Amino acid sequence: MSFEDQKLINAFSRLNNRRSDAEDDLKKQEREKEALEEVSLELELVDEDEEVL
Amino acid sequence: MSPRVSAQEAKNDMLIGQTSHTEIPPSLSFSSPRPLRYKLPDTFIHVKQSDALTLLERDTARIDEEIERLKQHIDESEEEMKRLKVLLYGKFGNNISEWRARRTRRDRLADVSLARAHNRFGEGLRRHES
């Protein structure tokens, strides 16, 4: 296998790792967003001037 | 882990940097001239409903932005992987998996790091196909 081929493979591997990290992060952020949406619904039910957490 | 932590260590753990006034809505700003930001991972604070709304809107906007950024990042990675895959299949055809096994055996002792990169490639390639 040539050096060039190895570089291609390494590049692919690096991209794959990066994609995989980004996907993990994305899942985390989407869970967080769902939580925020729930909070948003809850907030609409809260009386004005009342302290909320 | 020792239960005893010096004040300095605790400070080092908690203090992650200064914040700028722009990150905090003016109504929530602290009076200190140099506000310090402490990391509070699972903590609740009492705020007025209007402030809660402000914080919520800010967090939602930030997360939407982050999600958009990550999706774009993933798309770009996949686009480039597709391109590389075409090149690699062009060179190695369907011998890739066979070659992978042979290569791994041969390099088990000689070049562990190369074999590792290679395994990751094989994994990624299979994942990419599914």
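Residues numbered from 1 in each chain as written. Chains lettered and ligands numbered in written order. Predicted model: local features only at pLDDT ≥ 70, side-chain atom pairs only at ≥ 80, totals over all residues. Heavy atoms only, no water.

(A) Broad picture of the overall build of chain A. Of regular secondary structure, chain A possesses one helix and zero strands. The proportion of buried residues among the 53 residues of chain A is 32%. Entry remark: accessible area of chain A is about 3,800 Å², with carbon and sulfur atoms responsible for 46%. (Helix = DSSP H or I, 4+ residues; strand = E, 2+ residues; numbered from the N terminus. Buried < 20%, exposed > 50% of the residue type's maximum accessible area, 1.4 Å probe, protein only. Areas by Shrake-Rupley, 256 points an atom, 1.4 Å probe, with all protein chains shown as cover.)

(B) Structural detail: the overall build of chain B. Of regular secondary structure, chain B possesses four helices and two strands. Across chain B, helices and strands are ordered from the amino to the carboxyl terminus as α-β-β-α-α-α.

(C) Spotlight on the packing of helix α1 (residues 3-44) of chain A against helix α2 (residues 49-92) of chain B. Close contact between α1(A) and α2(B) brings their axes to 7 Å; oriented N to C, the two are set at 155°. By the criterion of interaxial angle, the relationship of α1(A) to α2(B) is roughly antiparallel. As for how α1(A) packs across α2(B), the hand of that crossing is left-handed. Residues belonging to the contact of α1(A) with α2(B) are distributed by class as follows: 22 nonpolar, seven polar and 16 charged. (Axes fitted to C-alpha atoms, helices over the stretch in contact; angles between N-to-C directions. Parallel < 35°, antiparallel > 145°, perpendicular 65-115°, else oblique. Left-handed = near helix turned anticlockwise from the far one by under 90°. Nonpolar A, V, L, I, M, F, W, Y, C, P; charged D, E, K, R; others polar.)

(D) Looking closely at a negative patch on the surface. A grouping of A:Glu30, A:Glu34, A:Glu38 and A:Glu42 is seen on the molecular surface, where their side chains present a negatively charged patch. Of the residues examined, A:Glu42 reaches a relative accessible area of 53% and is grouped as exposed. (Patch = residues over 30% accessible without salt bridge, like charges linked within 9 Å, V, L, I, M, F, W, Y side chains within 5 Å. Salt bridge = Lys/Arg side-chain N within 4 Å of Asp/Glu carboxyl O. Lys, Arg positive; Asp, Glu negative; His and termini not counted. Charge placed at Lys NZ, Arg CZ, Asp CG, Glu CD.)

(E) Summary view of α2(B). Helix length check: α2(B) (44 residues) gives 62 Å between terminal C-alpha atoms against 64 Å at 1.5 Å per residue, within 8%. Looking one or two residues past α2(B), B:Gly93 carries a phi angle of roughly 55°, positive in sign. (Expected span 1.5 Å × (residues − 1).)

(F) Representation of the pattern of salt bridges within the structure. Summed over the entire model, instances satisfying the criterion amount to ten salt bridges over all chains. Between B:Lys91 and A:Asp5 there is a salt bridge whose closest N-O contact spans 3.0 Å. In this pair, B:Lys91 sits in helix α2 while A:Asp5 sits in helix α1, so the two residues belong to two different chains. With relative accessibility at 8%, the residue A:Asp5 sits in the buried group. Close ionic contact of B:Arg83 with B:Glu80 constitutes a salt bridge, the shortest N to O distance being 2.9 Å. With B:Arg83 and B:Glu80 both in helix α2 and three residues apart, this pair spans about one turn of that helix.

(G) Summary view of the nonpolar core. A:Ala22, A:Leu26, A:Leu36, A:Leu43, B:Val47, B:Ala52, B:Leu55, B:Leu56, B:Ile63, B:Ile67, B:Leu70 and B:Ile74 form the largest nonpolar core, which has twelve residues in total. Among the elements of the structure, α1 of chain A together with α2 of chain B are those that each provide at least two residues to this core. Top contributing element to this core by residue count: α2(B), with seven residues. Listed in part, the nine residues of the second largest apolar core include A:Ile9, A:Ala11, A:Leu15 and B:Leu84. (Core = buried A, V, L, I, M, F, W, Y, C linked by side-chain atoms within 4.5 Å.)

(H) Structural context of the side chain of B:Ser77. With respect to the helices and strands, B:Ser77 occurs in helix α2. Setting aside residues no more than four positions away along its own chain, B:Ser77 makes contact with A:Leu15, A:Arg18 and A:Arg19. (Contact = heavy atoms within 4.5 Å.)

(I) Quick peek at the environment of A:Leu26. Here A:Leu26 lies in helix α1. For A:Leu26, the residues in contact, after removing those within four places along its chain, are B:Ile67, B:Leu70, B:Lys71 and B:Ile74.

(J) Molecular detail of the confidence of the model for chain B. Residue and element names in this part refer to chain B. Residues of chain B with pLDDT of at least 70 account for 40%, and the chain-wide mean is 69. Across chain B, the secondary-structure element scoring lowest on mean pLDDT is strand β1 (residues 15-18), at 46, and the one scoring highest is α2, at 91. Confidence over residues 14-21 falls short of pLDDT 50; this stretch has 21 contacts with residues more than four positions distant or in other chains. (pLDDT = per-residue confidence, 0-100.)

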